Amino acid sequence: MDREVRVRFAPSPTGALHIGGVRTALYNYLLAKKLGGKMLLRIEDTDQNRFVPGAEEYIIESLKWVGIGIDEGIEQGGPHAPYRQSERKDIYREHALRLLNEGKAYYAFDTPEELEAMRERLKAAKVDNPQYNSITRLQMKNSLTLPEAEVNERINAGEPYVIRLKVPRKEEVRLNDLIRGWVMVHSSTIDDKVLMKSDGMPTYHLANVVDDHLMEITHVIRGEEWLPSAPLHVLLYRFLGWEDTMPQFAHLPLLLKPDGNGKLSKREADTLGFPIFPLNWNGIDHKTGEQVFSQGYREAGYLPEALINFLAFLGWNPGTQQELFTMNELVEAFTIEKVGKAGVKFDINKAKWYNQQYIRIKTDEELATNYLLPILKEKNIDCSPEKAAKISSIMKERITFPSELWSEVTYLFDRPESYDETVVQAKWTSEAVRVIADFKQALQGLSSILKADTAKDTLHTVLEKQGVKIGKVMQALRLAITGVGAGPDLMQIMEILGKEETTTRLGNALDKLQDRAK
RNA sequence: GGCCCGUUAGUGCAGCGGUUAUCACGCCUCCCUUUCACGGAGGAAACACGGGUUCGAGUCCCGUACGGGCUACCA
């Protein structure tokens, strides 16, 4: 029974794609590629109340950005189209009816109020887990308790109804999870789940099982929140006669809050100051109805390869000591058995570290054209590609986000207006002033272009002549040129600034700070 | 409450019956250096607890505690 490996990522378009969803998609993708299989994207839009316009496009764009390729889905089509569940209603209905005819499901007419009353009644009677099941269904309004004639009458009259699964009273349901091993659940703890809602849409459970079977899915990799209902799904496969081709299940540990307890939420991410969505998202809050904006990882300056590497290591580890993996290397190294079982606390620091690593392996030109130049253009600052590459070169080992290519060295584009007071007080000495004055003169006497090497030689000549050690003046010199006390190599900065600009700045500093020397 | 899943340093992990318990992030110290970073060398820091099984347990079993998930005509 050698089937082609087929996995799916099946999000609901109820809003932006959560970062945990990206990880789930990633693990699916890695497994598919590792095993030479296919990755499908299926949109599970069966809840009409929670449907959010734009969410589907957002999901697609997010996956593209991080580099998770889809083989079959709404964009690329495929042999099992449509890949949007709302367009497959007839298929689900057909299967629900089949279960009905075979006595494995039944119609139920109970109103929400009646269901609520039933739960209240059971709670009052100290029942641990109030549910619609093999016992309680006998007291409810359904095709098991009502005469057939009445059932038909109600349906023909257009009365709302749902179709429920007739879960057996006493049965052990087992499933062998790829990550957790055997999980056993007694059918008495599973209730008679609704399969078809009164609006004609299937619930997740039915649609999921039907589609996974029809789409020939071999591995279901999803979040741990689905583990409790997995036995129900096993039951559905059995009732539909599909048990021999039932996919293998793997339930991923959840992403938890960095501190405290609970699963990672948007609210928590907001207060801790890191993104929860891959891309910027403009949406409306379901509860308040207000317009809300969330910054995405992309816009916050995270590189997709860094995000992927970080996410891959949240709950998975290759067992070696390699930390940096390209997508292809991840594919190569991935095994589902190496996925951990415990919930994972989300630590944004590690993501930042990965970002640094990936920035550093980019070429100066890449950094310049993809990040620095666009920023400068937006700020209306003129800069040659060569100069931008040079700046990238001296900055890339010092930054976490590409935006810092500019923000950390704004003095390369604007002359300092003021000087860091603490540095002035500590380092602006009369000795330094003498050296800077001489250095300025020497620089002016230089012919043509200023290179870092010549700047250094020139400085040393002055230093030697005056008998001053370099350590005594460097900070002051840096202050004069940049206005601040720290930054990349000063000689490189002078080269970038050029002779004219450097000497002008030295003159300015000498002027402005002339009374401050100690 | 009930059901299910889990528990190695602050965080992410390695370990798959016998190790001085691995590596990385973060933190601290020192070195390098014109500063800050980078880099290098060190350091502090963990098997939740209690019972078993075994010559031997972080590794297997049971219990407790703690954490998480589910408990909808949401996914």
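Reading the values: the criteria
Residues numbered from 1 in each chain as written. Chains lettered and ligands numbered in written order. Predicted model: local features only at pLDDT ≥ 70, side-chain atom pairs only at ≥ 80, totals over all residues. Heavy atoms only, no water. UniProt positions renumbered as here; feature names shortened; annotations may be inferred. Helix = DSSP H or I, 4+ residues; strand = E, 2+ residues; numbered from the N terminus. Rg over C-alpha atoms; globule rule 2.2 N^0.38 Å. Buried < 20%, exposed > 50% of the residue type's maximum accessible area, 1.4 Å probe, protein only. Contact = heavy atoms within 4.5 Å. Core = buried A, V, L, I, M, F, W, Y, C linked by side-chain atoms within 4.5 Å. Pairing = 2+ DSSP bridges. Axes fitted to C-alpha atoms, helices over the stretch in contact; angles between N-to-C directions.

- Labelled according to an unreviewed UniProt entry, chain A appears under the name Glutamate--tRNA ligase, originating from Rhodocytophaga aerolata.
- Comment text from UniProt for chain A, heading Function (unreviewed entry), reads "Catalyzes the attachment of glutamate to tRNA(Glu) in a two-step reaction: glutamate is first activated by ATP to form Glu-AMP and then transferred to the acceptor end of tRNA(Glu)."

1. A look at the overall build of chain A
- Looking only at helices and strands, one finds 21 helices and 13 strands in chain A.
- Its C-alpha radius of gyration of 32 Å places chain A more than 25% over the 24 Å reference for a compact globule of 518 residues.
- In terms of overall dimensions, chain A has a C-alpha envelope of 110 × 50 × 35 Å along the principal axes.
- With 518 residues in all, chain A has 50% of them scored as buried.
- Contacts in chain A between residues at least 24 apart in sequence constitute 73% of all its contacts with a sequence separation of at least 6.

2. Observations concerning the nonpolar core
- If you look at the biggest cluster of nonpolar residues, it comprises 115 residues, and the most contacted ones within it are I19, F346 and W428.
- Apart from residues no more than four positions distant in its own chain, I19 is found in contact with L255, L264, I276, Y297, L307, L311 and F346.

3. Quick word on the sheet that holds strand 3 (residues 105-108)
- Spatially, three strands are ordered 3-4-7 in an open sheet, and the strand pairing comes out antiparallel. One side of each edge strand has no neighbouring strand; the edge strands of this open sheet are strand 3 and strand 7 (194-196). Between one strand and the next, the sheet's axes are offset by a mean angle of 45 degrees, whatever the strand orientation.
- The pairing of strand 3 with strand 4 (residues 162-165) spans four bridges and is antiparallel. Counted as the bridge partner of Y107 is I163 from strand 4.
- Lying over the sheet, helix 3 (residues 89-101) contacts strand 3, strand 4 and strand 7, oriented at roughly 105 degrees with respect to strand 3.

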